[in-house]
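Okay, here's what each chain looks like letter by letter:
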Amino acid sequence: MIYTQTDVLQYVRENDVKFVKLQFSDIFGFQKNISINSSELYDAFSKGFSLDAFYQRGLLNCEKNLLLIPDASTLSILPWRPHQGGVARLLCDVRTLDGNDYIANSRTILNKAVKAAKQKGITFKIKTSCEFYLFKNDDDGNPTKIPQDNAGYMDAAPMDRGENVRREICLALEQMDFSPEASSHEAGPGHNEIDFQYASPLSAADNFITFKSAVKNISDINGLYATFMPKPFDDKPGSGLHIGIKLYKDKKNIFEVYQPEKDKLQENIIAGILNRISDMALFASPTVNSYKRFGKFNVSKDISWSNNNTAELLRVPVAADKSAKLILRSPDCACNPYIVLALIIYACLEGIENDERLSVASSKQIPENVVKAAEIASDSEFIKKYMDDEITKAYSEIAKEQYLKYENAEDKAAFETENYFLTL
C-alpha cells in the first residue's frame, strides 16, 4: 500500500501508535534514527525534523543543522515491538534547512541514477540476496564467537537451527509490507541467506536497510547475535550481498533472449559493469575485512563473467522461462545499497553510451585491499562524474585509517571483532 501523509496520520491515530522512528542512512549505509512521539508527526511532515549533523561523520560533519523529511510511503509498524502503544517507522530524506537535497542523502543519490536511466528509456528492477551469520550470546546477553549451529549448505532442521529465526524474520518483513522470496542455510556454520523479490531500485535499497534492522532485532529477541561482517572466519565462507539486476527497454526484458555474442545492447551492459567493478569496489566492499572474501570459497578475485560458473563476480544465469538477469557478487552487506545500486545503474548506462565490448580474455582482478580500492576510486573519472568528491574523500579517509590501524594492531582478530563483528 502507498501511504500519503494523511493516511499515515490517520493510521497512527487509529492504531494506538505512540512512537514513530524517523530513520535515515548515512553515506556509509549505517541506519540512524530518532524516535518522536506520534503527536509530533504532523510537524515533522510539515516542517521537517531538525537534525544536528556536526558530530556525524556519515553526514560529512556538516556544521549546520539539517532536516529529516519523512517519506509517508515508507510507513511500517515494527512487529517486534509491543502492539499496545506501538512503534512505527518512516524512512526519511536528509535536506538542508532551505529544503534542498543534502549531498549525503543516500536516497537522492539513487533516485538521480534511476531518473538518468529513465531518460534513456531503461528501467531497472533489483533483487538482493543477503547473507549473514548467527552466533550465540552468553548468559549476560553479550555476543560470543560460537556459531548457532554447525550445519552446511541448504541443510534442514534440526541441523539447521536458524530455520525458526529466518521464519520469524520473514514473517516480520511480510507484516512490514514486503515479502522475501526464499531463505536457507548457507555453507558456513550459523550462516544464513534470505532472498528478496525484484523491486524498484529505491524500494530494494529501502528494503535492504529494513531487513538488516529486522535481522538484528529478531535475532536478539531469540538470544542470538547476527552479524553482516563480510568474513567472520578466515577458514569459512564469507557473507556477500548478491545483487540481481533486470533491465527493461520499452517494457521488454533486455535479456529476455540471452545472446550477448549477438545482442550488442546486452554486451554493452555486461562490459559496462565489468569495466567499472574496480572503480566501484571502495563502495561495494568498504572495509578492510571485505577483501578477505575474494579468492576463497567460490568468490573469484578475477573480474570476469559467466552464465554457468557460480564463482564468477558477474553471472548471467538463464531462468526456466528463458529470461536472464545479471547477478553481481562482489558487494557485501557492509555497503551502502543506495550508492552501490546507483553506481551499477550508471555503469550499465556508460557501457551502452560508449558502445563497450567484452574482451575475449581479461587478467584484471578485484583490488587487493581497501586502500588500493580507495586509490582507484579517487582517480576514477567514472566515480568523479557521478559521486560527490566529499563522499569519495570520506570513504577514502576511513579506508586508509582503518587499514593503517589494522596493519599496526598487535591483535588483528581483536581489531576486526571491535570494528566489524560488533558493528556490522
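Residues numbered from 1 in each chain as written. Predicted model: local features only at pLDDT ≥ 70, side-chain atom pairs only at ≥ 80, totals over all residues. Heavy atoms only, no water.

Chemist: Please clarify how helix α3 (residues 106-119) should be interpreted in this entry.
Modeler: A turn of α-helix holds 3.6 residues, and therefore any two residues three or four places apart point the same way. Helix length check: α3, at 14 residues, gives a terminal C-alpha distance of 21 Å against a target of 20 Å (1.5 Å per residue), a fit within 8%. Along α3, the residues that are buried comprise Ser106, Arg107, Thr108, Ile109, Leu110, Ala113, Val114 and Ala117. Once α3 finishes, Gly121 follows within two positions and takes phi at roughly 80 degrees, a positive value. (Helix = DSSP H or I, 4+ residues; strand = E, 2+ residues; numbered from the N terminus. Expected span 1.5 Å × (residues − 1). Buried < 20%, exposed > 50% of the residue type's maximum accessible area, 1.4 Å probe, protein only.)

Chemist: Which parts of the structure should I look at to understand the packing of α3 against helix α5 (residues 201-221)?
Modeler: Packed helices, taken two at a time, are described by the angle their axes make and the gap between the axes. Look at α3 against α5: their axes get within 9 Å of each other, and the N-to-C directions meet at 155 degrees. Taken together, the axis directions place α3 and α5 in an arrangement best described as roughly antiparallel. Considering only the axes of α3 and α5, their crossing is right-handed. Listed contacts from α5 to Arg107, Leu110, Asn111 and Val114 of α3 are Pro201, Leu202, Ala205 and Asp206. Among the residues making up the contact of α3 with α5, the classes are represented as 5 nonpolar, 1 polar and 2 charged. (Axes fitted to C-alpha atoms, helices over the stretch in contact; angles between N-to-C directions. Parallel < 35°, antiparallel > 145°, perpendicular 65-115°, else oblique. Left-handed = near helix turned anticlockwise from the far one by under 90°. Contact = heavy atoms within 4.5 Å. Nonpolar A, V, L, I, M, F, W, Y, C, P; charged D, E, K, R; others polar.)

Chemist: What's the story with the nonpolar core in this structure? I'm lost.
Modeler: It is characteristic of soluble globular proteins that their nonpolar side chains tend to be buried jointly. Counting residues in hydrophobic clusters, the biggest one holds 133 residues, and the most contacted among them are Leu41, Phe211, Leu247, Phe283 and Leu326. The dominant element in this core, judged by the number of residues it contributes, is helix α8 (residues 337-353), at 12 residues. (Core = buried A, V, L, I, M, F, W, Y, C linked by side-chain atoms within 4.5 Å.)

Chemist: Hey, could you run me through the layout of surface pockets in this one?
Modeler: Empty space among the atoms becomes visible once a probe the size of a water molecule is rolled across them. Reported here for the largest pocket is a volume of approximately 640 Å³. Along the wall of the largest pocket there are 30 residues; nearest its centre are Glu131, Tyr153, Glu186, Glu193 and His242. Counting residues per element, the ones that place at least two in the lining of the largest pocket are β7 (122-137), β9 (180-185), β10 (191-196) and β12 (241-249). Partitioning the lining of the largest pocket into residue classes produces 10 nonpolar, 11 polar and 9 charged. The calculated volume of the second largest pocket comes to roughly 460 Å³. Along its surface, the second largest pocket is lined by 21 residues, and Phe28, Phe30, Thr287, Ile398 and Gln402 are the ones closest to its centre. Mapped by element, the contributors of at least two residues to the lining of the second largest pocket are α11 (389-408) and α12 (412-421). Looking at the lining of the second largest pocket, the element that brings in the most residues is α11, giving 5 residues. Broken down by class, the residue content of the lining of the second largest pocket amounts to 11 nonpolar, 6 polar and 4 charged. (1 Å grid on protein atoms, 1.4 Å probe; cavity = no way out; pocket = protein on both sides within 12 Å on 5 of 7 lines; lining within 4 Å. Points joined across faces, edges and corners; volume = space filled by probe spheres on them.)

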